[in-house]
Amino acid sequence: MPDRSDSLPDTQTPWTTTEFEALLRAKGQRYHIHHPFHKAMYSGQLTPAQIRGWVANRYYYQIMIPQKDAAILANCPNRETRVKWIQRILDHDGYEGDEGGIEAWLELGEAVGLSRDEVIDCRHVLPGVRFAVDAYVSFARRATWQEAACSSLTEMFAPEIHQSRLSTWPEHYEWIDASGLKYFRKRLSEARRDVEHGLAITLEHFKTRAEQEHALSILQFKLDILWTMLDAMTMAYIHNTPPFHTCEGGPWPTQSLDKS
């Protein structure tokens, strides 16, 4: 009987560094920039209430990112890595001379017509969004620091999504104060810097074929988190399907996002 082993795909040999990086970057095809909610946003199809809903829900992700990064630091015994990674927390939480990304996001909320209080108290955050974000932070706490660092590699695709907002919002949403867009400008350079570090960690740590495939699955998990957040917003704000959720004070939401 002829030996067909040469015709079978090689699933044991590790990919080269170049091949592995290319596969990681190819995951960008599943990035949430391709979600119908974002496509509607960039083509000017969202209403003010829908934009506000996105900003209010995304705020929950913004405030949890420093906690995710703090979990990575807590699990990382390598001082050199911690020195570099801690900058991510400072970028979001701010420090003397730089108010940080969370403050910039609050200013975005005000620019789209939300009060600072209603963004900060998370009254508009959908249960599905909260669940997805909490799952991501929980993963970062339980995973190895290298696995958690790998999950942050969605930053490879972030500059494109920030630039798309800067390019399309002034045209389609003239009612939004342009001063509120500084978060997106800020993240253009920060995301590129962060990618270099996170990618170097991933390429160095995940060496065997099984480890490399595991890294790809981690990145896919993070992509699924971002996609799921938009699924929840699509159901609530586009299909007008309220979440099955009640809270003190009555059914969700307790305050309308339609301020027109």
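Preceding this paragraph is the structure being described.
Conventions and cut-offs
- Residues numbered from 1 in each chain as written.
- Predicted model: local features only at pLDDT ≥ 70, side-chain atom pairs only at ≥ 80, totals over all residues.
- Heavy atoms only, no water.
- Helix = DSSP H or I, 4+ residues; strand = E, 2+ residues; numbered from the N terminus.
- Rg over C-alpha atoms; globule rule 2.2 N^0.38 Å.
- Buried < 20%, exposed > 50% of the residue type's maximum accessible area, 1.4 Å probe, protein only.
- Contact = heavy atoms within 4.5 Å.
- Lys, Arg positive; Asp, Glu negative; His and termini not counted.
- Charge placed at Lys NZ, Arg CZ, Asp CG, Glu CD.
- Salt bridge = Lys/Arg side-chain N within 4 Å of Asp/Glu carboxyl O.
- Axes fitted to C-alpha atoms, helices over the stretch in contact; angles between N-to-C directions.
- Parallel < 35°, antiparallel > 145°, perpendicular 65-115°, else oblique.
- Left-handed = near helix turned anticlockwise from the far one by under 90°.
- Nonpolar A, V, L, I, M, F, W, Y, C, P; charged D, E, K, R; others polar.
- Core = buried A, V, L, I, M, F, W, Y, C linked by side-chain atoms within 4.5 Å.

Caption draft 1: Quick peek at the overall build of the protein chain. Scanning the protein chain from N- to C-terminus turns up eleven helices and two strands. In the protein chain, the succession of helices and strands from N to C terminus is α-α-α-α-α-α-α-α-α-α-α-β-β. Taking 18 Å as the expected radius of gyration for a compact globule of 260 residues, we find that the protein chain reaches 20 Å, a close match to that expectation. Across the 260 residues of the protein chain, 51% fall into the buried class. Put simply, of all contacts in the protein chain between residues at least 6 apart along the chain, 79% involve residues at least 24 apart. If the 28 positive side-chain charges of the protein chain are averaged to one point and the 35 negative ones to another, these points end up 1 Å apart.

Caption draft 2: Representation of the pattern of salt bridges within the structure. Counting across every chain of the model gives eleven salt bridges. Residues arginine 88 and glutamate 155 are paired through a salt bridge, measuring 2.9 Å at the closest nitrogen-oxygen approach. With arginine 88 in helix α4 (residues 79–93) and glutamate 155 in the loop between α8 (145–151) and α9 (158–172), the pair connects residues that are 67 residues apart, well separated along the chain. As far as the burial class goes, arginine 88 and glutamate 155 line up, both buried. The partner of aspartate 91 in a salt bridge is arginine 193, with the nearest N and O atoms 2.3 Å apart. In this pair, aspartate 91 sits in helix α4 while arginine 193 sits in helix α10 (residues 182–205), placing the two residues 102 residues apart along the sequence.

Caption draft 3: Highlighting the packing of α9 against α10. Where α9 meets α10, the axes come as close as 9 Å, and the angle between the chain directions of the two elements is 160 degrees. Accordingly, the angle class assigned to the pair α9 and α10 is roughly antiparallel. Considering how the two elements wind past one another, α9 and α10 form a crossing that is left-handed. Here α9 contributes Ala158, Pro159, His162, Gln163, Arg165, Leu166 and Trp169 to the contact with α10, which in turn contributes Tyr183, Phe184, Arg185, Arg187, Leu188, Ala191 and Arg192. Across the contact of α9 with α10, the residue classes break down as eight nonpolar, two polar and four charged.

Caption draft 4: Representation of the nonpolar core. Ranked by internal contacts, the top residues of the largest apolar core, which has 70 residues, are Trp54 and Trp169. Elements with a minimum of two residues in this core: α1 (17–26), α2 (36–42), α3 (48–75), α5 (100–111), α7 (127–142), α9, α10 and α11 (209–238). In terms of residue count, the dominant contributor to this core is α11 (13 residues). Beyond its immediate stretch of four places on either side in the chain, tryptophan 169 contacts Met41, Ile51, Trp54, Leu108, Glu174, Ile176, Leu181 and Phe184. In this structure, Ile72, Ile89, Ala149 and Ile201 belong to the second largest nonpolar core, which totals eleven residues.

Caption draft 5: Looking closely at the environment of glycine 101. With respect to the secondary-structure elements, glycine 101 resides in helix α5. With sequence-adjacent residues up to four places away left out, glycine 101 is seen in contact with Asp91, His92, Tyr183 and Lys186.

Caption draft 6: Just the environment of leucine 199, in detail. Tracing the backbone shows leucine 199 in helix α10. Leucine 199 sits in the buried class, given a relative accessible area of 7%. Expressed as a C-alpha distance, the spacing of leucine 199 and cysteine 150, which sit 49 residues apart in the sequence, is 7.3 Å. The contacts of leucine 199, once residues within four sequence positions are left out, are Glu21, Leu24, Arg25, Leu153 and Met156.

Any link to function would need more than the numbers given here.
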